[in-house]
Amino acid sequence: MNTICGINHLWLIAARVRQSIGLAPSTRTRVATVTSIERVVVTLNARSSKHIPALDGLRGLAILAVFFHHYGAGGIHSTSTVVRGIATVCGIGWSGVDLFFVLSGFLITGILFDTQHDRSYYRKFYARRTLRIFPIYYLFAAITLLIIPPGVWQKGHLFFLVYLGYPAAVIWPALVNLPIRVTHLWSLSVEEQFYMLWPWLIRKLQNPRNILRFCAAVGVGALVARVVFPGWAYASLPCRMDGLALGAALAILFRGDFWQHCQRSAWALFLASAGAVILICVLRHTTDHYDRVICTVGFSVIAIAYGALLVLSLGPLAGIFSLWILRTFGKYSYGMYLYHFPLTAVFEHAKPFLARYPLGSLSYVAMCLAANLAIAALSFHLFEQPILRLKSRFEY
């Protein structure tokens, strides 16, 4: 509103000058012009909004995909065609992490681009990221430390405390041979490394054109890196930067005139890229992310599909992704991501018991989903939320 008032004030000054030289516009012209200005300002304010409900829903879809990958993909060798079909769909659920990457690139770049001239640019960004990420991560690390016997630990595990567990575990795979499943921490390492580098790059590149060019170069570079270094393709920042860079590029386009074109082409791009992913999986007879084609070209196509889905979530699919159920899973997605994979070892003891009953597998997955959501919700409200209130001290 202050912006609109300021623009109106400048318009009135200009109008008086024009009037003094005989070029004053009519009242109707003035009203039309101010209305147009208001529409532009409202649109820009909406696009720079700190919170977009549909993106919570998109985050909810991402965590559900990862959850069903770890809890619902076990029936791939079932004699039932239906069970095999469901398990195959769940098998591609690992790509939910790619959706997280696109979403992170979009949100983080938007924040950094909008605040790059803030005097406390770095302090505010890193303080807010620290309050959001560190507390629950180190709580998880403390629980893991208490559960696992002291003799199992190695010096290399210290890398996980500074978000370098990956690539350390890629070089030294024995680091993740623990009684508790921790391989899912690779994506948190990738994201934290991204957070360390990206603020500096955005401030260095500054304008949209430079940022978009850099994102395009990074996307191509990530694909080349996966082809040249297949062993690093799945769990390293250089090889997974394309999803983050695509999200970053969309954040810049979201703030410009080209966004309408993105929305017009989003459906076609989503259907084409999703179809290409399905075709790759059919031709390769697998949904395994270590497959040579899937982990190279496949990752790039998946990133494009999720990028198009993000655009759709801010347009025609906004209503679907604003549903409370998806937003609920999105709200608790971070805790759920941290806890869900180690908890598979706990819940597996209930699987033989439930398998004796009709729809036993479905009941097992539903029980695990409810339990994971409850644990993540308790963690959020009892531990995370009180700490998150400190973010108000670092408002942009």
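A short tour of the structure in this document, coming up. Given the structure is predicted, the values throughout are model-derived calculations rather than measurements.

Conventions adopted
Residues numbered from 1 in each chain as written. Predicted model: local features only at pLDDT ≥ 70, side-chain atom pairs only at ≥ 80, totals over all residues. Heavy atoms only, no water. Core = buried A, V, L, I, M, F, W, Y, C linked by side-chain atoms within 4.5 Å. Buried < 20%, exposed > 50% of the residue type's maximum accessible area, 1.4 Å probe, protein only. Contact = heavy atoms within 4.5 Å. Phe/Tyr/Trp six-rings, centres within 6.5 Å; stacked < 30°, edge-to-face > 60°. Helix = DSSP H or I, 4+ residues; strand = E, 2+ residues; numbered from the N terminus. 1 Å grid on protein atoms, 1.4 Å probe; cavity = no way out; pocket = protein on both sides within 12 Å on 5 of 7 lines; lining within 4 Å. Points joined across faces, edges and corners; volume = space filled by probe spheres on them. Nonpolar A, V, L, I, M, F, W, Y, C, P; charged D, E, K, R; others polar.

Points about the nonpolar core
Of all hydrophobic cores here, the largest spans 107 residues; its most connected members are Trp198, Leu310 and Leu338. Ignoring any residue separated from it by four or fewer positions in sequence, one finds Trp198 in contact with Ile108, Thr109, Leu112, Phe214, Cys215, Met241 and Ala248.

Considering the packing of aromatic side chains
Scanning the entire structure with this criterion turns up 25 aromatic pairs. Between Tyr121 and Tyr122 the ring centres are 4.8 Å apart and the planes differ by 80°, which places this aromatic pair in the edge-to-face class. For Tyr121, a relative accessible area of 1% translates into the label buried. Seen from their ring centres, Tyr332 and Phe380 are 5.6 Å apart, and the 70° between their planes marks the pair as edge-to-face. Of this pair, Tyr332 sits in the loop between helix 14 (324–331) and helix 15 (333–347) while Phe380 sits in helix 17 (residues 360–388), and the two are 48 residues apart along the sequence. Taking relative accessible area as the criterion, Tyr332 reaches 11% and is therefore assigned buried.

Concerning the layout of surface pockets
Its boundaries defined by the atoms lining it, the largest pocket holds a volume of some 1,600 Å³. Taken together, 48 residues form the lining of the largest pocket, with Arg59, Leu107, Arg129, Arg132 and Lys391 sitting closest to its centre. Elements that contribute at least two residues to the lining of the largest pocket include exactly helix 3 (53–72), helix 5 (96–114), helix 6 (121–147), helix 8 (186–205), helix 14, helix 15 and helix 17. The element contributing the most residues to the lining of the largest pocket is helix 5, with 11 residues. Here the lining of the largest pocket is composed, by residue class, of 21 nonpolar, 11 polar and 16 charged. Quantified by volume, the second largest pocket comes out at close to 750 Å³. Contributing to the lining of the second largest pocket are 31 residues, with Thr88, Val89, Ile92, Gly93 and Ser95 lying nearest its centre. Breaking the lining of the second largest pocket down by element, the ones donating at least two residues are helix 3, helix 4 (81–91), helix 11 (259–284) and helix 12 (294–313).

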